[in-house]
Structures are given as structure tokens and as C-alpha cells.
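Structural overview for review
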Amino acid sequence: MQLVVGKIGRAHGIRGDVSVEVRTDEPELRLGPGAVLLTDPAGIGPLTVESGKVHSGRLLLRFAGVKDRTAAEALRGTFLIAEVDPEETPDDPDEYYDHQLIGLDVVLTDGTLIGELTEVVHLPYQDLLTVLRPDGTEVLIPFVEQIVPVIDLDEQRAVITPPPGLIDPADAVVVSSREDAGDADDAGDAEGVGDEADAEGAGESEGSTGGAA
């Protein structure tokens, strides 16, 4: 089975290094020195990883035969593809390969069908699950335990507990801090709260908001 494990970005330096957008949870295995990767477009590969390092939070790779910036820049936009045994599973039982998740039914805890999981989107800060709904629309689900508590490969389903508004924006709960602050001021005036007390209260509110941010 072939899986996309990375996408080549800009050249870095003058010795052939390239930045890589990682699309695997096991970069040490899939993108480590000696790894031989197929490519899309196919004519560019295969590419053999010669060395790698992390620089300013980005993975930099150097491929065999790519000796300068010009050659490195020519690889920009190329997808890196690894051959993976379809029976292979991650060592951590709470981790999954993308191909294990694609095609799962996505349901609520009461069994209501939300749609089919069609893609796993790997972002620097978290992974997202793309779910195709029966009406043809798509929704992105953060792949975190609080929202996706159950992955059942035997039953081929993912159980989700979405917050209000994630699946249907009409269900979102909107809270206006400006209106809340106005209501609080009105209440303070009605009760005869002095200016000094109002100032102290506003300071506590601002501090609380800043702390939460």
C-alpha cells in the first residue's frame, strides 16, 4: 500500500536541503536516512533520504544526488510516498495509520450517522478528520480524544462527541462579551455601585480574560 508521508517545500540553504511538510506520525521511520520514497509526480523519484534534521521547528531533508539549491528548488511541491504493508499497525494502540481510518462511518454516541471519513488532514498543531456528509457537504472534525473518543476498527466506525456548532453551525452558542459587560454595568448602576468598584471589577474581568488567552 502506498501512503503519502510528506510534501517537499522550499529549498533551504545552498547544499540541497529542502523543507518537508510531514504527513506521517512516524517521520523517524518513514523519512529517516536511507528511506527510499516514491514521488508524485512519479518522474522525479524515487528519492533516497541522505540526511535529515529539524531546524526552527521544520524538518529539513537532503536527498541523494540533490547537491545544490537549484536542484532542491526543482523538487518543490513533490509528494513523498512510502510503501507500507497494509497489515502493519502502529506500536501505540491509540495511534492509527491514515488508511485504517479512511472509509469509517462517523456516528454520534446514539448511533446517528454523520457521514464517511474521507481524509486525514495533518496540520502542525493537530490532525483533522474530513467527513463527507450524506448531503454532499464536508465537515472537519479535530482528531482529539475529547471529540473523537472511540475508533472501532472492527465495527468500522468512529464515534464523535462534537461541541455545539461543529456539525451544524445553526446549533452554535454565541456569547457576546460586549453585551455581557453592558448588562453588568447596568446592574452595577442600578445597585448604586461606585466608580471605584466598577473600575476594580473591570480590572478583574480583563485579567481573567487575559489569563484564559
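Description of the structure in this document. (Residues numbered from 1 in each chain as written. Predicted model: local features only at pLDDT ≥ 70, side-chain atom pairs only at ≥ 80, totals over all residues. Heavy atoms only, no water.)

1. Some points on the sheet that holds strand β3 (residues 36-40)
What counts here: Paired strands, as defined in this entry, are two strands with at least two bridges between them according to DSSP. Under the DSSP-based scheme used, a helix requires at least four consecutive residues in state H or I and a strand at least two consecutive residues in state E, with every element numbered from the N terminus. In this analysis an axis means a line fitted to C-alpha atoms, helices contributing only their contacting stretch, and an angle means the value between N-to-C directions, from 0 to 180 degrees.
Here we have 6 strands rolled up into a closed barrel, ordered β1-β2-β5-β4-β3-β6, and antiparallel in their pairing. Between one strand axis and the next, the sheet turns through 50° on average, direction left out of account. Inspection of the sheet shows strand β4 (residues 47-55) paired to strand β5 (residues 58-63) by 6 bridges, in the antiparallel sense. Within β5, the residue paired with G52 across the bridge is L61.

2. So, the environment of I114
For the record, the criterion: Accessibility here uses a 1.4 Å probe with only protein chains present; expressed as a share of the type maximum, an area under 20% marks a residue as buried, one over 50% as exposed, and anything in between as partly exposed. The contact definition used throughout considers only heavy atoms, calling two residues in contact when any of these lie within 4.5 Å.
Inspection of the secondary structure puts I114 in strand β8 (residues 113-122). Given a relative accessible area of 5%, I114 falls into the buried group. Distance from I114 to V131, taken between C-alpha atoms, is 7.8 Å for residues 17 residues apart in sequence. Here I114 is in contact with V106, V107, L108, V131, L132, R133, P134, I160 and I167, once residues within four sequence places are set aside.

3. Let's talk about the pairing of strand β1 (residues 2-12)
As defined by bridge partners, β1 adjoins strand β6 (residues 79-83) across 5 bridges and the pair is classed as antiparallel. Paired with G6 across the bridge in β6 is L80. In this sheet, strand β2 (residues 17-22) lies alongside β1 in antiparallel orientation, the contact comprising 5 bridges. Paired with H12 across the strands is D17, a residue of β2. The hairpin formed by β1 and β2 contains 4 residues between the paired strands, and G13 there has a positive phi angle of roughly 75°.

4. Topic: the sheet that holds strand β11 (residues 150-152)
Read across the open sheet, the 6 strands follow the order β10-β9-β8-β7-β12-β11; overall the sheet is mixed. At either margin of the open sheet sits one strand with a lone partner, and together these are β10 (138-142) and β11. The sheet shows a mean angle of 35° between the axes of neighbouring strands, direction not considered. Where strand β7 (residues 105-108) and β8 come together, 3 bridges link them in antiparallel fashion. Residue pairing for β8: V106 is matched across the bridge by G115.

5. So, unusual backbone geometry
Looking along the chain, the bond that leaves D40 and enters P41 is cis, with omega of 10°. Mapped onto the secondary structure, P41 falls in the loop between β3 and β4. Of note, the bond from G45 into P46 is cis; its omega dihedral lies within 30 degrees of zero at 0°. With respect to the element layout, P46 can be found in the loop between β3 and β4. Backbone geometry at Q156 places phi at a positive 55°, although glycine is not the residue there. Mapped onto the secondary structure, Q156 falls in the loop between β11 and β12 (157-160).

6. What about the environment of T112?
In plain terms, the rule: Between N or O atoms, a polar contact is any pair within 3.5 Å; within protein, one atom must be a potential hydrogen donor and the other a potential acceptor, and residues adjacent in sequence are included only when both atoms are from side chains.
Mapped onto the fold, T112 is located in the loop between β7 and β8. Spatially, the C-alpha atom of T112 lies 9.6 Å from that of V159, the residues being 47 residues apart in sequence. Discounting chain neighbours no more than four positions away, the residues touching T112 are V106 and V107. Within polar-contact distance, the side chain of T112 engages the side chain of D110 at 2.8 Å.

7. Digging into the pattern of salt bridges
For clarity, the threshold we go by: Each salt bridge in this description consists of a side-chain nitrogen of Lys or Arg and a carboxyl oxygen of Asp or Glu lying within 4 Å of one another.
Scanning the entire structure with this criterion turns up 3 salt bridges. Where E21 meets R23, a salt bridge forms, and the shortest distance between an N and an O atom there is 2.9 Å. Classification of E21 as partly exposed rests on a relative accessible area of 36%. Owing to a relative accessible area of 25%, R23 belongs among the partly exposed residues under this scheme. R76 is the salt-bridge partner of E73, the closest N and O atoms lying 3.1 Å from each other. With relative accessibility at 29%, the residue E73 sits in the partly exposed group.

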